[in-house]
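Here is how the chains run, residue by residue.
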Amino acid sequence: MDMPTDRPIEELAFEDALKRLEEIVHTLETGEAKLGDAITLYEEGTRLRQQCSARLDAAQARIEAIRLGSDGRPAGVAPFDGG
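Attention here is on the structure that accompanies the text. What you see is a predicted model; the values in this text were computed from it and never measured.

**Observations concerning the overall build of the protein**
Okay, so step 1: Secondary structure summary: the protein contains 2 helices and 2 strands in total.
Okay, so step 2: Counting from the amino terminus, the protein carries its helices and strands in the arrangement α-α-β-β.
Okay, so step 3: Within the protein, the proportion of its 83 residues that are buried is 18%.
Okay, so step 4: A fraction of 40% describes how many contacts in the protein between residues 6 or more apart in sequence connect residues 24 or more apart.
Okay, so step 5: Within the structure as shown, the protein displays about 6300 Å² of accessible surface, and the carbon and sulfur contribution to it stands at 53%.

**Considerations on the environment of Ala17**
Okay, so step 1: Take Ala17: it is sitting in helix H1 (residues 14–30).
Okay, so step 2: Judged by relative accessible area, Ala17 falls into the buried class, the value being 1%.
Okay, so step 3: C-alpha separation for the pair Ala17 and Arg49, spaced 32 residues apart in sequence, amounts to 8.2 Å.
Okay, so step 4: Leave out the neighbours within four places in its chain, and Ala17 touches Leu12, Leu48 and Cys52.

**Regarding a nonpolar patch on the surface**
Okay, so step 1: On the surface, Ile66, Leu68 and Val77 cluster together into a nonpolar patch covering about 320 Å² of accessible area.
Okay, so step 2: Looking at the element boundaries, Ile66 is found in strand E1 (residues 64–68).

**What about the pattern of salt bridges?**
Okay, so step 1: All told, the structure shown has 2 salt bridges when counted by the stated rule.
Okay, so step 2: With its nearest N and O atoms 3.4 Å apart, the salt bridge here joins Glu23 to Arg20. Of this pair, Glu23 and Arg20 both sit in helix H1, separated by 3 residues, roughly a single helical turn.
Okay, so step 3: Assessed through its relative accessible area of 25%, Glu23 is described here as partly exposed.

**Quick word on the nonpolar core**
Okay, so step 1: In terms of nonpolar packing, the biggest core is built from 10 residues, these being Ile9, Leu12, Ala17, Leu21, Ile24, Ala33, Ala38, Leu41, Leu48 and Cys52.
Okay, so step 2: Listing elements by their share of this core, those giving two or more residues are H1 and helix H2 (35–62).
Okay, so step 3: Among the elements that take part in this core, H2 stands out by supplying 4 residues, more than any other.
Okay, so step 4: Not counting chain neighbours up to four residues away, the residues in contact with Leu48 comprise Ile9, Leu12, Ala17, Arg20, Leu21 and Ile24.

The rules behind these values
- What you see as residue numbers is a count from 1 along each chain, following the sequence as written.
- Whole-chain, interface and lining totals are the exception, using all residues; otherwise, since this is a predicted model, local features are given only for residues with pLDDT of at least 70 and side-chain atom pairs are given and counted only at 80 or more.
- Excluding hydrogens and water, the side-chain values take into account all heavy atoms of the structure.
- In this text, helices come from DSSP runs of H or I with a minimum length of four residues, and strands from runs of E with a minimum of two, each type numbered from the N-terminal end.
- When accessible area is computed with a 1.4 Å probe and restricted to protein chains, residues below 20% of their type maximum are described as buried, those above 50% as exposed, and intermediate ones as partly exposed.
- The contact criterion used throughout is that any non-hydrogen atoms of two residues lie within 4.5 Å.
- The accessible surface values rely on the Shrake-Rupley method and a 1.4 Å probe; as for residues, cover is taken only from the protein chains in view.
- Patch membership requires over 30% relative accessible area and the absence of a salt bridge. Like charges are linked within 9 Å, and nonpolar side chains (Val, Leu, Ile, Met, Phe, Trp, Tyr) within 5 Å.
- One speaks of a salt bridge when a side-chain nitrogen belonging to Lys or Arg is within 4 Å of a carboxyl oxygen belonging to Asp or Glu.
- Working definition of a nonpolar core: buried Ala, Val, Leu, Ile, Met, Phe, Trp, Tyr and Cys residues. They are joined through side-chain atoms within 4.5 Å.

Shown next as structure tokens:
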């Protein structure tokens, strides 16, 4: 079983947090972890998922969409609307 990272989850880069989350999911899916370890991994995975989600939400809020004028040419930018 992989050990948790020494760095706080909040300090992990998105890619590192996602990689660790994938490792946890794999370990839980294979049933390799004992019950106590599985619970600890599940809790860590939950925190990692929340951190990744927050990072994605923040990134989406920073994305700007290019607005086109009536002539079809770029006319500026507007906040991204993911809906």
